[in-house]
Amino acid sequence: MATAQSLVSQAQLLLLDPEEVVWSSTVLLGYLNEAQRDFALRTRGYVAEASQAVTASVSLYTLPSDCLGIDWVDTANFGGSQLQEASTKELDWASPNWMASTASVASYYVRDRQAQKQIRLYPIPTSTDTLGYRFFSRPADLALASSSSLPQWTHQFLLFYLVARAAGDEGDLQDDTKAGHFRERYEAGVSLVKEILNAR
């Protein structure tokens, strides 16, 4: 597994700056972390699962802080089946008083209007339960000695982003041609990963 330092060192060679005259390892590490976040957000290829207790008569639940989006939600009392996602617009039209509706088990989840890191269960469950979900996650920022939790084969795309970002910096060594070349390679990688994931 490539460390952040190895990716930064490769970028410095491609930028013709192995002595860190222009781009320090700290600056490039910041760009690498930026690359991870962009890649994870756009491809939704970094997933995690979590669970939490459901309290009777409570409808609103907070998602993990690194959640970028939801893949699926289920509850133990719903038989392990995935809950359907419903929009507030659909529920407002179908049942204006839906936010007060109760049932022994929830069968839908709704993304909360105000708090994007929360979901609302509908109907409000009147019994305790366990809420499980699979979500698209934001990778943790790296230190130079740590390794990206994204798959090894995606690291080349992170490198492309890193070089494009640095080469596009304003200054004496700004190289728009190099920045454009590596940006195109990064964008091609993002498109490829999205195609692979969508085909599953």
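Residues numbered from 1 in each chain as written. Predicted model: local features only at pLDDT ≥ 70, side-chain atom pairs only at ≥ 80, totals over all residues. Heavy atoms only, no water.

## Thoughts on helix H1 (residues 4-14)
Reasoning step 1: Taken together, the buried positions of H1 are occupied by Ala4, Leu7, Val8, Ala11 and Gln12. End-on, the buried residues of H1 take up no more than an arc of 140°, which puts them together on one face.
Reasoning step 2: Its buried side turned inward, H1 meets helix H2 (25-43) and helix H4 (155-167).
Reasoning step 3: Positive backbone phi, approximately 60°, marks Leu16, located one or two places after H1. (Buried < 20%, exposed > 50% of the residue type's maximum accessible area, 1.4 Å probe, protein only. Helix = DSSP H or I, 4+ residues; strand = E, 2+ residues; numbered from the N terminus. Arc of directions from axis to C-beta. Contact = heavy atoms within 4.5 Å.)

## Details of the environment of Ile196
Reasoning step 1: Take Ile196: it is sitting in helix H5 (residues 176-198).
Reasoning step 2: Taking relative accessible area as the criterion, Ile196 reaches 36% and is therefore assigned partly exposed.

## Looking at the pattern of salt bridges
Reasoning step 1: Across all of its chains, the model carries 8 salt bridges by this definition.
Reasoning step 2: Linking Arg42 and Glu187 is a salt bridge whose minimum nitrogen-to-oxygen distance equals 2.5 Å. Of this pair, Arg42 sits in helix H2 while Glu187 sits in helix H5, and the two are 145 residues apart along the sequence.
Reasoning step 3: The exposure class of Arg42 is partly exposed, given its relative accessible area of 32%. (Salt bridge = Lys/Arg side-chain N within 4 Å of Asp/Glu carboxyl O.)

## Section: the sheet that holds strand S2 (residues 60-62)
Reasoning step 1: What the 4 strands build is an open sheet, ordered S2-S7-S6-S4; its pairing is mixed. Strand pairing shows two members of the sheet lacking a second neighbour, S2 and strand S4 (84-85), which therefore form its edges. (Pairing = 2+ DSSP bridges.)

## A closer look at the confidence of the model for the chain
Close reading of the predicted structure is inappropriate where its pLDDT is low.
Reasoning step 1: Mean pLDDT over the chain works out to 90, with 96% of the residues at or above the 70 mark.
Reasoning step 2: Of all secondary-structure elements in the chain, the lowest mean pLDDT belongs to strand S3 (residues 67-75), at 87, while H4 reaches the highest, 96. (pLDDT = per-residue confidence, 0-100.)

## So, the packing of aromatic side chains
The description of two aromatic rings rests on the distance between their centres and on the angle between their planes.
Reasoning step 1: Tallying each qualifying case throughout the model produces 8 aromatic pairs.
Reasoning step 2: Measuring from centroid to centroid gives 6.1 Å for Phe39 and Phe157, while their planes differ by 20°, and the two rings are stacked. With a gap of 118 residues between them, Phe39 in helix H2 and Phe157 in helix H4 connect regions that are remote in the sequence. You'll find Phe39 and Phe157 in the same group, each marked buried.
Reasoning step 3: Ring plane angle 45° and centroid distance 5.8 Å describe the contact between Tyr108 and Tyr122, whose orientation is recorded as tilted. Here Tyr108 is found in strand S6 (residues 108-111), whereas its partner Tyr122 is found in strand S7 (residues 118-122), with 14 residues between them in sequence.
Reasoning step 4: Ring pairs connect the aromatic residues Phe39, Phe157, Phe160, Tyr161, Phe182 and Tyr186, which therefore count as one cluster. (Phe/Tyr/Trp six-rings, centres within 6.5 Å; stacked < 30°, edge-to-face > 60°.)

## Let's talk about the side chain of Asp129
Reasoning step 1: Positionally, Asp129 belongs in strand S9 (residues 129-137).
Reasoning step 2: In this structure, Asp129 is buried with no salt-bridge partner, the nearest side chain bearing the opposite charge being Arg120 at 16 Å.
Reasoning step 3: Within the structure, the side chain of Asp129 is placed 3.3 Å from the side chain of Thr75, a separation counted as a polar contact.
Reasoning step 4: Look past the residues within four positions of Asp129 in its chain and what remains in contact with it is Gln52, Ala53, Val54, Thr75, Ala76, Asn77, Phe78 and Val105. (Lys, Arg positive; Asp, Glu negative; His and termini not counted. Polar contact = N/O pair within 3.5 Å; in protein donor to acceptor, adjacent residues only side chain to side chain.)

## What to know about the environment of Asp74
Reasoning step 1: Residue placement: Asp74 occurs in strand S3.
Reasoning step 2: Along the chain, Asp74 and Arg134 lie 60 residues apart, while their C-alpha atoms are 9.0 Å from each other.

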